[in-house]
Structures are given as C-alpha cells and as structure tokens.
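Coordinates in review
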Amino acid sequence: VKMKYLKTLEVLENHGWNKGAFKAPDGSHCLVGALCEAGENYPGAEDLRLLGIIARVTKRKIGQVSRVHFNDRPSTTFDDIWALLAEAAMLEDSK
C-alpha cells in the first residue's frame, strides 16, 4: 500500500493536481484520479484499502468521509493533499 501512496504522489507531481476533474484535458488529476492512474487494476484490494484509510483521515480533518469533497473544497491546496496522503501512509505503517 505504501508504494501506492508514493505512486499517487508521483502522478500528482508529474501531471499536476486539480479540483473538479478526475483527469483534466491538461493531464492533471484530482486525488481519486491520481490514485486510479497510479494503479494498474483499479479498483483492486490495495486501492480499496487505501481509499478506506484516506476516508478515515478526511473524516478526522473535515468531518466528512468524502475524498472528493476534501479535494474540491475551495480552501484545499496541493499541500493539504500531500499531507493527507502522508498521514494515511503513516496510519498504514503503524499497523
């Protein structure tokens, strides 16, 4: 799962991050779009586990489980997305 976090960040860093589009015409991705792009057989068991962990983190951060809502909030920045993925990775490591 940790490699999936790293691949998701790599997609966002290489192609850009956006709000409101799974994959935009310029090649940028939202959080879930980057997760899909990082996987080969989306949605696999690893992806579903990762989405569950991300949902727990977003619930703690904003009181909602929706990864889309977190990504698309006007106040969310790329740094917030990076921190979300880093926190989710740490939760996974602590198991």
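Summary of the structure given here. (Residues numbered from 1 in each chain as written. Predicted model: local features only at pLDDT ≥ 70, side-chain atom pairs only at ≥ 80, totals over all residues. Heavy atoms only, no water.)

**Points about the overall build of the chain**
The helix and strand inventory of the chain stands at five helices and zero strands. Ordered by position from N to C terminus, the α and β elements of the chain give α-α-α-α-α. Classification of the 95 residues of the chain by burial places 41% in the buried group. When contacts within the chain are restricted to residue pairs at least 6 apart in sequence, long-range pairs at least 24 apart make up 54% of them. Carbon and sulfur atoms make up 55% of the accessible area of the chain, which totals about 5,200 Å². (Helix = DSSP H or I, 4+ residues; strand = E, 2+ residues; numbered from the N terminus. Buried < 20%, exposed > 50% of the residue type's maximum accessible area, 1.4 Å probe, protein only. Contact = heavy atoms within 4.5 Å. Areas by Shrake-Rupley, 256 points an atom, 1.4 Å probe, with all protein chains shown as cover.)

**Quick notes on helix α1 (residues 2-15)**
An ideal rise of 1.5 Å per residue puts 20 Å on 14 residues; α1 measures up with 20 Å between its terminal C-alpha atoms. For α1, the complete set of buried residues consists of K4, Y5, T8, L9, V11 and L12. All buried residues of α1 project into a common sector of 155° when viewed along the axis, lining one side. Exposed side chains of α1 directed beyond 90 degrees from the buried face belong to M3, E13 and N14. At the C-terminal side of α1, G16 shows a positive phi close to 95°. (Expected span 1.5 Å × (residues − 1). Arc of directions from axis to C-beta.)

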